[in-house]
Amino acid sequence: MKKFIVCTICALCCMATAQAQKFALVDMEYILKNVPAYERANEQLAQVSKKWQAEVEALNTEAQTMYKNYQNEVVFLSQEQKKAKQEAIMQKEKEASDLKKKYFGPEGELFKKREALMTPIQEEIYNAVKDISDLRGYSLVVDRASNSGIIYGSPKVDISNEVLQKLGYSAD
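Computed from a predicted model, the values in this text were never measured in an experiment.

(A) Highlighting the side chain of S133. Among the secondary structure elements, S133 is positioned in helix α5 (residues 109-136). For S133, a relative accessible area of 8% translates into the label buried. Not counting chain neighbours up to four residues away, the residues in contact with S133 comprise Y138 and V141.

(B) Focus on the environment of D98. Along the polypeptide, D98 turns up in helix α4 (residues 79-104). Counting along the chain gives 42 residues from D98 to V56, while the straight-line C-alpha distance between them is 9.1 Å.

(C) Geometry of the nonpolar core. Grouped together as the largest cluster of nonpolar side chains are 26 residues, with contacts concentrated most on I31, I121, I125, I159, V163 and L167. Of all the secondary-structure elements, those providing two or more residues to this core are β1 (22-26), α2 (28-33), α3 (36-73), α4, α5 and α6 (160-167). For this core, the leading source of residues is α5, giving seven residues. In contact with I31, not counting residues within four places along its chain, are V26, I125, S160, V163, L164 and L167.

About the cut-offs
Residues numbered from 1 in each chain as written. Predicted model: local features only at pLDDT ≥ 70, side-chain atom pairs only at ≥ 80, totals over all residues. Heavy atoms only, no water. Helix = DSSP H or I, 4+ residues; strand = E, 2+ residues; numbered from the N terminus. Buried < 20%, exposed > 50% of the residue type's maximum accessible area, 1.4 Å probe, protein only. Contact = heavy atoms within 4.5 Å. Core = buried A, V, L, I, M, F, W, Y, C linked by side-chain atoms within 4.5 Å.

Have a look at this one:
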């Protein structure tokens, strides 16, 4: 009997707690798709990435050309000349590798540029979600676009359009 009463009290407390919490869903992909600044930032990143990739490829092509020329001339070269040409080829390959790392590495220029362009947009969206959550009393807002394991989310609790309106944008 004592166990039954304790279990009943625990169940009632859990139900009361669960009912007191409100939650909402947002679809970040949908929101970002409707924020023009995000699209412009992505275009800017694509252009700079393409430019930097061309620079890296130019160095790689130069190294390949140097290697092909070396292969064609190797029979006519002295040991010192062979060594000098090999070192020049390796130096050019290293330049290409270093440039690629500088631009596209984990802390490279592209990462920094993406962070500089995207952080203000993400902060603006976060602040809009926070304002709406504070206004409506949401304890939790979950991104339905992420791999969070949401199988179903009612459109009634999706505040994506409200976030867009708070940001000053309209949906498609």
